[in-house]
Amino acid sequence: MRLLLADTPPERYACDLLALPVAEPGALVGEAGDVDRAVGGRLAEIARAEGFSGKPNRTVLLQCPDGPVRRILLVGVGRDPTPERLRRFGGTATRRARDLRAARVAVTTSAGPGAGHPPEEWARAVAEGAGLGAYRFDRYRKPEDGADVVETAVIARRGDRKALERAIAAADVAVRATGRARDLVNEPANVLTPTALAEIAREIAASAGLDCRIIDLDEARAMGMGLFAAVAQGSAQPPKFIVLEYRPDGAKRTVGLVGKGITFDSGGLSIKSADGMKTMKGDMAGAAAVVAAMGALRELGVTDRVLGIAAATENMVGGAATRPGDIVRGLGGRTVEITNTDAEGRLVLADGLAFAIRAGADELIDLATLTGACVVALGDWTAGVMGNHQPLMDRLLAAAAQAGEQMWQLPLYEEFLEAMRGEITDLRNSATGREGGAERAAAFLGEFVGTTPWAHLDIAGPAFAESAPPAPYLPSGGTGFGVRTLLRYLAPSK
Ligand code: BES
Ligand code: ZN
Ligand code: ZN
């Protein structure tokens, strides 16, 4: 779907569907009032007849066969709408447009005075919602209902044109990167093997001006990445430790992004239940977010050097698989007793983080579908944030809030690390009991970052949508969670 900026009065914009956000209590004021007058008050009349109150997600549809606007959709955005509400409005507009087979859509970007945010922020939110809502994964079956939206015009009549253009362009980049991450997560594990992910990373690098290095099992082992190797050794599919590098001129610091890339997590010999394995093709969502975000950095003019690491391997069973009780050594020399082969994410991430530091990262962010415990703690739609550097976590949380991605900080108290200390090794990869599982996993990772500022995002909940997502711009399956936060974080002025 194409996103474009327009400044035409909405009632005159020729399109198949015009969507207007309306705040509670549902009065048609501002642009919605103009549109209502242009159709002789029929919009207000039907809204009244249907008891439309502007409550979130309530809609009213008016057919206008003879006007330049073929249909008008009112969408409730609640009292005191926020940019996130407008993002959801954008998603609703696209979803309804598809159902109605409306190919050309227009959306307005203001449901009131817009206090607290500049016009470009509202426009960006609507554009993101509209673009994200257009996603579908139809590579294996063409959908029977609806038709794709071809173009959405984002109508913004106030504000600086240059700033608005930049906002729509940034939304477009974020939408495409998120779509790419969603595709990677939705591809099944028989298609998206570590080798396939490495090939895609290579293609992205070639088209986005990144360096790309792929490290295979032997090399990883020779380099000392014994934790990554231990997870990989039971699979028929060869693992790939993927390193992307974005190096703009004049960069003053290096941000290291590290993604958990388990293309399928069976649990290994500590095998999962059939039910627990069902969505485990999505256990590479952290890596997907990293690879997709890396592909967008040049377009956004990011000024830092950024390393993107995807530690990609399956976690399988077999004669060569790691056994519970095996002792291995990570990059940097720490010994780990693998007490549970299903706690594999922290193993591949530990080597990924240690690698990133050796490659010059001054700051680290990792993304991982790491623990079921984080989902129990925070629910399906919120990522846990943990780390060793409060200012970094605060900046990430601020970027997430702007992006509309829900994140919540969890503590890293001393006792969480104590639980991860080994009896005969430096560390063990799983503790006794299930208490504080997300924090314990993070405490384990913290042992591999030293004093480098580091933030860990446990995205086990929001990376993959099994139940109905809370926002209309989120699909079921892979959500691309994390991409938009990373891009806001790395390109704050865009
Ligand atoms: N990939 C899983 C975590 C997960 C669970 C992601 C549910 C998404 C949805 C991870 O590798 C895992 O199995 N973790 C174990 C850790 C335990 C063995 C210490 C868990 O959460 O049970
Ligand atoms: Zn696991
Ligand atoms: Zn896993």
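Remember, it's a predicted structure, so these values are computed and weren't measured experimentally. (Residues numbered from 1 in each chain as written. Chains lettered and ligands numbered in written order. Predicted model: local features only at pLDDT ≥ 70, side-chain atom pairs only at ≥ 80, totals over all residues. Heavy atoms only, no water.)

A.B. asks: Any details on the sheet that holds strand 17 (residues 454-458)? Residues and values, ideally.
C.D. replies: The eight strands are arranged 7-8-10-9-13-17-14-15 in an open sheet whose pairing can be described as mixed. Each edge of the sheet is formed by a strand with only one pairing partner; in this case those strands are strand 7 (211-215) and strand 15 (407-409). On average, adjacent strands in this sheet sit at an angle of 20 degrees to one another, irrespective of strand direction. This element, helix 12 (residues 345-358), spans strand 7, strand 8 (240-246), strand 9 (254-265), strand 10 (305-315), strand 13 (363-368) and strand 17 of the sheet and lies at about 155 degrees to strand 9. Set on the sheet, helix 17 (residues 483-490) makes contact with strand 9, strand 10, strand 13 and strand 15; between it and strand 13 the angle comes to about 170 degrees. (Pairing = 2+ DSSP bridges. Helix = DSSP H or I, 4+ residues; strand = E, 2+ residues; numbered from the N terminus. Axes fitted to C-alpha atoms, helices over the stretch in contact; angles between N-to-C directions. Contact = heavy atoms within 4.5 Å.)

A.B. asks: Could you give me a rundown of the coordination of the zinc ion (ligand 2), with the residues and numbers involved?
C.D. replies: Coordination of the zinc ion (ligand 2) by the protein is provided by Asp-265 (OD), Asp-342 (O), Asp-342 (OD) and Glu-344 (OE), with metal-donor distances spanning 2.0 to 2.2 Å. Read N to C, the donor residues that coordinate the zinc ion (ligand 2) are spaced as D-x76-D-x1-E. The metal-metal distance between the zinc ion (ligand 2) and the zinc ion (ligand 3) is 3.2 Å, with Asp-265 coordinating both. Of the two residues, Asp-265 is situated in strand 9 and Glu-344 in the loop between strand 12 (335-337) and helix 12; the sequence distance between them amounts to 79 residues. Across this residue pair, the class does not change: Asp-265 and Glu-344 are buried. (Donors = N, O, S within 2.8 Å, 3.2 Å for Na, K, Ca; no water. Buried < 20%, exposed > 50% of the residue type's maximum accessible area, 1.4 Å probe, protein only.)

A.B. asks: Give a detailed account of the domain arrangement of the protein, specifying residues and quantitative values.
C.D. replies: In many analyses, interface size is given as the accessible surface area lost on bringing the parts together. Parsing the protein into structural domains produces domain 1 (2-157) and domain 2 (179-490). Each of domain 1 and domain 2 was reduced to a C-alpha centroid, and the two centroids are 37 Å apart. Across the boundary between the two partners, domain 1 contributes 16 residues, which contact 19 residues of domain 2. Of the roughly 1600 Å² buried at the junction of domain 1 and domain 2 (both faces included), carbon and sulfur atoms supply 47%. For domain 1, the biggest contributors to the area lost against domain 2 are Arg-88, Leu-132 and Tyr-135; these three give 38% of the whole. The tally of links between domain 1 and domain 2 comes to five salt bridges. Between Arg-488 and Glu-128 there is a salt bridge, with the nearest N and O atoms lying 3.4 Å from each other. (Domains from an automatic or database assignment. Buried area = accessible area lost by both parts, 1.4 Å probe. Salt bridge = Lys/Arg side-chain N within 4 Å of Asp/Glu carboxyl O.)

A.B. asks: Any details on the site of ligand 1? Residues and values, ideally.
C.D. replies: Ligand 1 sits among 15 residues. The nearest are Asp-265, Lys-272, Asp-342, Glu-344 and Gly-372. At a separation of 2.9 Å, an oxygen atom of ligand 1 approaches a polar side-chain atom of Asp-265. One nitrogen or oxygen atom from the main chain of Thr-369 is found 3.4 Å from a nitrogen atom belonging to ligand 1. Coverage of ligand 1 by the protein chains reaches 73% of its 520 Å² of free accessible surface. (Near = heavy atom within 4 Å. Polar contact = N/O pair within 3.5 Å; in protein donor to acceptor, adjacent residues only side chain to side chain. Areas by Shrake-Rupley, 256 points an atom, 1.4 Å probe, with all protein chains shown as cover.)

A.B. asks: Outline the coordination of the zinc ion (ligand 3), listing residues and values.
C.D. replies: Every protein donor of the zinc ion (ligand 3) is listed here as Lys-260 (NZ), Asp-265 (OD), Asp-283 (OD) and Glu-344 (OE), and their distances to the metal cover 2.0 to 2.4 Å. Coordination at the zinc ion (ligand 3) is octahedral: its six donor atoms span angles of 77 to 172 degrees at the metal. (Tetrahedral: all angles 85-135°; square planar, octahedral: opposite > 155°, others 65-115°.)

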